[in-house]
Structures are given as C-alpha cells and as structure tokens.
Amino acid sequence: MVAVVQGVAKADNPIVQTIYTADPAPLVHNGRVYLYTGHDEDGSTYFTMRDWRVYSSADMVNWTDHGSPMSLATFSWASSDAWAGHVAYRNGKFYWYVPVNNRATGRKAIGVAVSTSPTGPFTDALGRPLLENGEIDPNVLIDDDGQAYLYWGNPNLWYVRLNADMISYSGGLTQIPLTTAGFGTRTGNTSRPTLYEEGPWVYKRNGLYYNVFAAECCSEFIGYSTAPGPTGPWTYRGTVMPRQGSSFTNHAGVIDFNGGSYFFYHNGALPGGGGFTRSVAVEKFTYNSNGTIPTINMTTTGAPQIGTLNPYVRQEAETIAWSVGVETEPSSEGGMNVGYIANGDYIKVKGVNFGSGATYFNARVASAASGGRIELRLDSTSGTVVGTCTVPGTGGWQTWTNAGCSVSGATGTHDLYLRFTGGSGNLFNLNYWQFTPLASASVLTNGDMESGTTGWGVFGAGTLASDTSVVRGGSRSLAITGRTASWNGPSQNVTSKLTNGKSYLTNVWVRAQSGTPSAKATLALTANGTTSYVSLTPATAVNSSGWTLLTGTATVSWTGTLSSATFYVETASGTDSLYLDDASLQ
C-alpha cells in the first residue's frame, strides 16, 4: 500500500495513489481515456514488475481502477519483467504489446496479448514471442493508410511493419539510424552519440509524424523528433519535459481527447516514491501554432476536469481523483472494490454536480469486522458534512449489503470527500455508491406508505396490509403475505405516468418477514398486445434483521400504444413474506 500523507489532499497528480504505477500508455476509445500502466511493487529496489494495470476516465481527473487484466502469467514463456507496453485498437480488438524476459533465451522479447474489451482480460495471442532481439518498449502506430508499425528499442531504435492481423509482421526488423540530426547530440558517451535512450511514442498529427522519447539517462528527460513519414527521416526538435520528478527514468504517452491535448509521464512524487517506485501523472498542453510541442513541466495540479461527475447514477467506489490510505481489490460482485479502509482514510471525487440537491446516499458495503461510518463532506476532509452513513458488519469482506443515510445541504458542484471513521484495523469495503436527487416527483402514489395501502395493490396473489410495528421511516410500512409465486408482490398501476424512452431511478426499501430471499423491482409493460418486463433494480438479498435498499436506473421504452404498466416488487425465487417502505420511481 502507498501511504499518502494528508498534506497533499488538494493535488490530483499523480493520478493513482493506491499503488505505484509506471510507463503510461493512454488510448482513447468510445469517449473515454483508457490508461495502461506497469506496476512497481512496493519497496522495490529494482524494476520489480509482475503485472500491468488499467484505469479509465471520461473527465481526466476521476479515474476508475479496472484492476490487472494481464500479468506475467498471461505469457507461459515469460519469466520476469512486466515492463513498459502499449495498446492498439483494431478490428474490434485490443492488442497489448509488452516486453518480458523469455525464459528459454534469457533475453527480452516482445509479446502480444489480445482482448475484445479495453479492460480485458487479455490472453496471449501467439503462445510465443512476436519478435525478439533483446530490446524493449514497444509502441504501435496505425497510419492513415492502414499500415501498422511497431517501434521499440534500447539502446537502438527499431521498427517492423505489422500485418493487418496485428500479431505478425512482414519483412525484417529494421533499425532506424540514430543520427545526431535526427535525435540530438549526447556528450561524453561515444557508444551512444545521440540523446535517444528508450520508450518511443510515435504518432501522427496534421500530416507530421512525432517520436516522443526518453532521452539521455540518467536521469532522463523527454525529447522529441519529427519526420515527414513513419520511418523518417527524423529531425530532433528539443525538450518536451525537463529532468524532474524524483525518478531517474521517465516515459511519455501523448493523446488528443475531447478537444484537448494531454501528456502522460511518470515520476516519484508519492511518499516512498523514487526510480523503482514510480507514479503516473498527466498534464494538459497546447501545441504551438507551428506544430511544435511546448516545454511541459510536472505539476501536482494535473489536468483540469472535463465537465462534472453525475452523482445520481451508480459510481464505482474505485473511481477516484485522490485517496489516502485505501487500496483496491477484485470484488465478488464483479470489477473492483475499495478495501483496507481504516479510520481517517478518505476518497476524493472531483467536481460532483449535485444540481438542485440530493436527499439520500446509498453505498454498497461489506465488513467482516464491526463496520464503521462514511462521512460525506464537501470540498475538503474537514468540509461541511452533508450526511453520515453507518456501515454494519456483514459477516464477510465480500458479503455485500446496502447502507445509506439522508443527505442535506449538497447542492451545486463540489469536490466530494468520502471520509471513513470507526475503530481500529480494517473497517469495511466499499463497492459503489449513488445519491438520490430531490424529487423530481415520484410516479408512485403513497410511496412513503403513510396513507396505508392507498395506491397499492397486489401483482398476482397475496394479502397486502399497512403495518405499524416494522417501519423504516415515518409510522407505517406495507406488509405482504400469502404470496404463491415468486413474481407476486406489492404493485402500482403507472400506465398514465410514464414517458417513453425516459430513464427512471428506482429506490425501494425491503425487509423480509422471514428467510433471506433476493428481491427486485420490476416493471411489466403491455403495448400493442405484447408484454415485456423491465428490471428496474438488480436482485438483492434481503433479510429479517434490517432494511435493504433496492436501487437502480433503467430506461423504459415501448413500441406502439401502451395499454398497461405495472410497477411491482418480487423475489428471484420463493414466496417469502415481505415489508416495503419509502419507494420511489422518478
């Protein structure tokens, strides 16, 4: 775990604080930036790297951790050194080119793995190296004419022409001449007369080819050259990023995204950081009018946010602008969760747009201990508290339940701090969270159940009653008994209240009278004589010892004339009796 000190809470660089990351390789795909990195192990005194990581962002400040979709074990022929790679997208597939040690030869070789998803998992495309000459740092350019080029090299610079399948090549390995005109002049090292060191990042912009590379170790700066064609001739253009940042290496990645240009790099800025414990960072920049790259300095501020974050849709807990103390791990519910949460740890989510206000916060939590609390604070760890949620023990670190609390005072756009408090040791895990906005009025009648059974009926069989002995809020809830099928449950006719094609947020609290069924909210739609069913919330386990929130967002649409629409709560199986309270569909 990387121990980040409280004093840098306002920083957004480096962009990952939960582990040490290195060798950024950004890729723009479908409106997001996917960032592929290496992973420096904690306490490393060499380039000890065993897997690769993936992060993504739509706003350049809040980054979602997708875990490790590829490791040394992906390549049965590799023995060590999960070093700097690059991902290219073509024909619906993602190709990840990486240098690793070939167990059979003891030399560095370039392997390639493939996936149909940008977040993996990736599998070895060949079962052997794509190529091998003992050198490292692959990078791929797919030119406008469709020809793909693979560049790599340290101490030399090479390329091959990849075939359309992206896992084979035509012709031989071609060495690019490292001339002082092409790559600058290095003094004091006759064996390496140019500034080129390693890590080529080749791309095309406005008809000009750029090669941004790590220059003159050690410590390295970032330089660049340009050429009229993908293989040269190259002309050295100068420094992009000076020698900065407490790491004797650097490694560049350059992209355009959403109308801006971004420069990724790594440094040793996190506590414990250095040449073997590096961290990826990013800066926004603007090309000079003549196409040259300006000098870019490392900052702790990082890139500005694009737009704002919507708190009224599910947000993964591992979507983070800054964090202290926490780590991430694979979740039993899929994806990743935030774990190893201790008293005083926190997560910052930047630029959260609460609009006219939030009324409720729900979190997906698990704890093998006694739980703790989530303080919802605005703009700093000591900022205004707009809600405090109690997290119960659940009997296991991957035994998930919903925990929530009322929210007051969250309006407009703020940085959101989830500050965790409790006893000693690990408190709980956090998978995802979501706020509920102030009503936009719910289409449900008597959603708080305070008017008894008014507006409510039964879908299928069962007996519905107003209950005052078991309530979540107010003085009444609904109780249903006598269900004879899993799809039976409390219901409302909402036929005249729905808008075709609209997205609806559902919240309903459920408690079992006995047993531990999985409950869910469903919408039955009949249009032009055809009935379809919309899952409004995922099936979630409920029990008799407390209330569980069913929550979800779904788009409701139909073709033709809508003749019937029924909202109801059912179970995935069984006929257990249930309580319902505080339901909304908005």
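Basis of the calculations
Residues numbered from 1 in each chain as written. Predicted model: local features only at pLDDT ≥ 70, side-chain atom pairs only at ≥ 80, totals over all residues. Heavy atoms only, no water. 1 Å grid on protein atoms, 1.4 Å probe; cavity = no way out; pocket = protein on both sides within 12 Å on 5 of 7 lines; lining within 4 Å. Points joined across faces, edges and corners; volume = space filled by probe spheres on them. Nonpolar A, V, L, I, M, F, W, Y, C, P; charged D, E, K, R; others polar. Pairing = 2+ DSSP bridges. Helix = DSSP H or I, 4+ residues; strand = E, 2+ residues; numbered from the N terminus. Axes fitted to C-alpha atoms, helices over the stretch in contact; angles between N-to-C directions. Buried < 20%, exposed > 50% of the residue type's maximum accessible area, 1.4 Å probe, protein only. Disulfide = S-S within 2.5 Å. pLDDT = per-residue confidence, 0-100. Contact = heavy atoms within 4.5 Å. Core = buried A, V, L, I, M, F, W, Y, C linked by side-chain atoms within 4.5 Å. Phe/Tyr/Trp six-rings, centres within 6.5 Å; stacked < 30°, edge-to-face > 60°. Lys NZ or Arg CZ within 6 Å of the ring centre and 35° of its normal. Polar contact = N/O pair within 3.5 Å; in protein donor to acceptor, adjacent residues only side chain to side chain.

A.B. asks: Please provide a residue-by-residue account of empty space enclosed by the protein, values included.
C.D. replies: If you walk through the whole model with that rule in mind, you get one cavity of 30 Å³ or more. Taken as a whole, the largest cavity encloses approximately 80 Å³ of empty space. Taken together, Ile 15, Val 16, Gln 17, Thr 18, Tyr 55, Trp 63, Asp 65, Glu 318, Ile 320, Ser 323 and Thr 328 make up the full set of residues lining the largest cavity. Class assignment for the residues of the lining of the largest cavity results in five nonpolar, four polar and two charged.

A.B. asks: So what about the sheet that holds strand S12 (residues 148–152)? Which residues, and what values?
C.D. replies: Paired through their backbone hydrogen bonds, the strands of a sheet run either parallel or antiparallel. Read across the sheet, four strands follow the order S11-S12-S13-S14 without closing on themselves; strand pairing throughout is antiparallel. Strands at the two margins of the open sheet, each flanked by one partner only, are strand S11 (139–142) and strand S14 (169–175). Averaged over all neighbouring strand pairs, the angle between strand axes comes to 20 degrees, with direction disregarded. One ladder, built from five bridges, connects S12 with strand S13 (residues 158–162); its direction is antiparallel. When the bridges of S13 are listed, Trp 152 appears paired with Trp 158.

A.B. asks: Tell me about unusual backbone geometry, and please be specific about residues and values.
C.D. replies: Cis geometry marks the peptide bond from Asn 13 to Pro 14, where omega comes out at -10 degrees. Within the secondary structure, Pro 14 is located in the segment before strand S1 (20–29). Residue Ser 219 follows Cys 218 across a cis peptide bond; omega there is 5 degrees. Despite not being glycine, Asn 446 shows a phi value in the positive range, around 55 degrees. Residue position: Asn 446 is located in the loop between strand S33 (429–437) and strand S34 (457–459). Exposure remark for Asn 446: the relative accessible area of 11% places this residue in the buried category.

A.B. asks: How would you summarise the state of the cysteines if you had to cite specific residues and measurements?
C.D. replies: Evaluated as defined, the whole model comprises two disulfides. Note that Cys 217 is cross-linked by a disulfide to Cys 218, the S-S spacing being 1.4 Å. Disulfide Cys 217-Cys 218: the torsion about the S-S bond is 50 degrees, which places it as right-handed. You can call Cys 218 exposed: its relative accessible area is 54%. Cys 389 shares a disulfide with Cys 405; S-S distance 1.9 Å. Disulfide Cys 389-Cys 405: the torsion about the S-S bond is -50 degrees, which places it as left-handed.

A.B. asks: Please set out the confidence of the model for the protein residue by residue, giving values where relevant.
C.D. replies: Residues at a pLDDT of 70 or more form 98% of the protein, whose mean pLDDT is 94. When the criterion is pLDDT under 50, residues 4–9 qualifies, and its contacts beyond four places in sequence or with other chains add up to 16 contacts.

A.B. asks: Hey, could you go over the nonpolar core for me, with residue numbers and the actual values?
C.D. replies: Tyr 36, Trp 52, Trp 96, Val 212, Phe 263 and Ile 293 are the most contacted members of the largest nonpolar core, which has 44 residues in total. If one sorts the elements of this core by residue count, strand S7 (residues 93–101) sits on top with four residues.

A.B. asks: Help me get a handle on the packing of aromatic side chains, residues and values and all.
C.D. replies: In total, this model carries 37 aromatic pairs according to the counting rule given. Measuring from ring centre to ring centre gives 4.9 Å for Phe 47 and Phe 276, while their planes differ by 75 degrees; the resulting arrangement is edge-to-face. Separated by 229 residues along the polypeptide, Phe 47 in the loop between strand S2 (32–40) and strand S3 (49–57) and Phe 276 in the loop between strand S20 (260–267) and strand S21 (279–285) bring together distant segments of the chain. For Phe 276, a relative accessible area of 22% corresponds to the partly exposed category. Clustering of aromatic rings is evident, with ring pairs tying together Tyr 36, Trp 52, Phe 75, Trp 77, Trp 96 and Phe 122. Between the NZ or CZ atom of Arg 314 and the centre of the ring of Tyr 432, over which it lies, the distance is 3.6 Å. A cation sits over an aromatic face here: Arg 472 above Trp 509, 4.0 Å from the ring centre.

A.B. asks: Lay out the environment of Ser 466 in plain terms, naming residues and giving numbers.
C.D. replies: When you line up the elements, Ser 466 lands in strand S35 (residues 463–467). In this structure Ser 466 comes out as partly exposed when scored by relative accessible area, which is 29%. Along the sequence, Ser 466 and Ser 477 sit 11 residues apart, while their C-alpha atoms lie 5.9 Å from each other. Excluding residues that lie within four positions of it along the chain, Ser 466 makes contacts with Gly 452, Thr 453, Arg 476 and Ser 477. Polar side-chain contacts of Ser 466 include one of 2.9 Å to the side chain of Arg 476.

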